[in-house]
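Structural description and commentary
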Amino acid sequence: MNFKNLRVKNKITIAVIGVAILASISGIVSVFMMSSIQKDYDYALENFGFAQGDIGMVMGSLAKLDGQVHDAIGYLDAASKKAASEEMGVLSSTIDEYMDKVEASLVSDASRSTFNDAKNAWNSYKSVCQNLVQGTLGVTDSEQIGRASWRE
């Protein structure tokens, strides 16, 4: 049976069946590939995506904390110093909470090592900030004003 000798109707029927078979094979391969891609995406999101969001929350809270440290040190009135100090406590707790979430999502020894370095640096920074702010909270407004005029 030669393709050239077939009637036009049979040629069209064979072509349509051929295209249908190719489309079916393509669809089956696509289903399996999409399933594989979805599994890879889920793994990446679970092991790296959420950690990135938690790291972002740590960084944002750390930036706010830095501003509160400056406020607690720089304000002249005790009420403002106290309010900044209290906000520091809230932000510090938030950072600790997100650091725990980041730690729980680590998957490699290298990331754990880097995280431990960052956590140690965070704990040192937090301790220095607390000591610095506690040292300024006991200073009265008149003493602070005297120091401010001395620097000018």
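Scroll up to find the structure this text is about.
Counting restarts for each chain: residues are numbered from 1 in the order of the written sequence. In keeping with the predicted nature of the model, local features appear solely for residues at pLDDT of at least 70, side-chain atom pairs appear and are counted solely at 80 or more, and the whole-chain, interface and lining totals rest on all residues. Each side-chain value is worked out from all heavy atoms of the structure, with water and hydrogens disregarded.

**A word on the overall build of the protein chain**
- In DSSP terms, a helix is any run of H or I states spanning at least four residues, a strand is any run of E spanning at least two, and both are numbered starting from the N terminus. Looking only at helices and strands, one finds four helices and zero strands in the protein chain.
- Counting from the amino terminus, helix and strand elements in the protein chain follow one another as α-α-α-α.
- Burial classification: accessible surface area is computed with a 1.4 Å probe over protein chains only, and a residue below 20% of its type maximum counts as buried, one above 50% as exposed, and the rest as partly exposed. Put simply, the protein chain has 152 residues, and 19% of those count as buried.
- In what follows, a contact means two residues having at least one pair of non-hydrogen atoms within 4.5 Å. Within the protein chain, counting contacts between residues at least 6 apart in sequence, those at least 24 apart form 64% of the total.
- Of the accessible surface of the protein chain, which amounts to about 10800 Å², a share of 62% is contributed by carbon and sulfur atoms. Computed with a 1.4 Å probe, the accessible areas rest on the Shrake-Rupley method; for each residue, only the protein chains presented here act as cover.

**Section: the pattern of salt bridges**
- A side-chain nitrogen of Lys or Arg and a carboxyl oxygen of Asp or Glu constitute a salt bridge if their distance falls within 4 Å. Enumeration over the complete set of coordinates arrives at six salt bridges.
- Linking Asp96 and Lys126 is a salt bridge whose minimum nitrogen-to-oxygen distance equals 3.0 Å. Pair noted here: Asp96 is in helix α2 (residues 78–104) and Lys126 is in helix α3 (residues 109–137), with a separation of 30 residues, a long-range link.
- Given the relative accessible area of 26%, Asp96 is considered partly exposed.
- Take Lys126: its relative accessible area is 17%, and that puts it in the buried class.
- A salt bridge links Arg112 to Asp109; the nearest nitrogen and oxygen atoms lie 3.9 Å apart. Separated by three residues within a single helix, Arg112 and Asp109 lie in helix α3, roughly one turn from each other.
- A single salt-bridge network, built from bridges that share partners, covers Asp100, Glu103 and Lys119.

**Some words on the packing of α2 against α3**
- At a minimum axis distance of 12 Å, the contact between α2 and α3 shows a crossing angle of 170°. The angle between α2 and α3 falls in the class roughly antiparallel. For the pair α2 and α3, the contacting residues are Lys81, Lys82, Ser85, Met88, Ser92, Ile95, Asp96, Met99, Asp100, Val102 and Glu103 in the first and Phe115, Ala118, Lys119, Trp122, Lys126, Cys129, Val133, Thr136 and Leu137 in the second.
- The class makeup of the residues in the contact of α2 with α3 is 10 nonpolar, three polar and seven charged. Every axis corresponds to a line fitted to the C-alpha atoms, with the helix fit spanning only the stretch in contact, and the corresponding angles, defined between N-to-C directions, vary from 0 to 180 degrees. What sets the label is the angle itself: under 35 degrees gives roughly parallel, over 145 gives roughly antiparallel, 65 to 115 gives roughly perpendicular, and the rest give oblique. Each residue is assigned to one of three groups, with Ala, Val, Leu, Ile, Met, Phe, Trp, Tyr, Cys and Pro labelled nonpolar, Asp, Glu, Lys and Arg labelled charged, and all others, Gly among them, labelled polar.

**Some words on the packing of aromatic side chains**
- Here is the rule: rings of Phe, Tyr and Trp (six-membered ring for Trp) pair when centre to centre is within 6.5 Å. Planes less than 30 degrees apart are stacked, more than 60 are edge-to-face, and the remainder are tilted. This model, assessed by the stated rule, comprises one aromatic pair.
- Note on Trp122 and Tyr125: the rings are 6.4 Å apart at their centroids and 35° apart in plane angle, and the pair reads as tilted. You can see Trp122 and its partner Tyr125 sitting in helix α3, three residues apart, about one turn around the helix.
- Overall, Tyr125 belongs to the partly exposed group, its relative accessible area being 28%.

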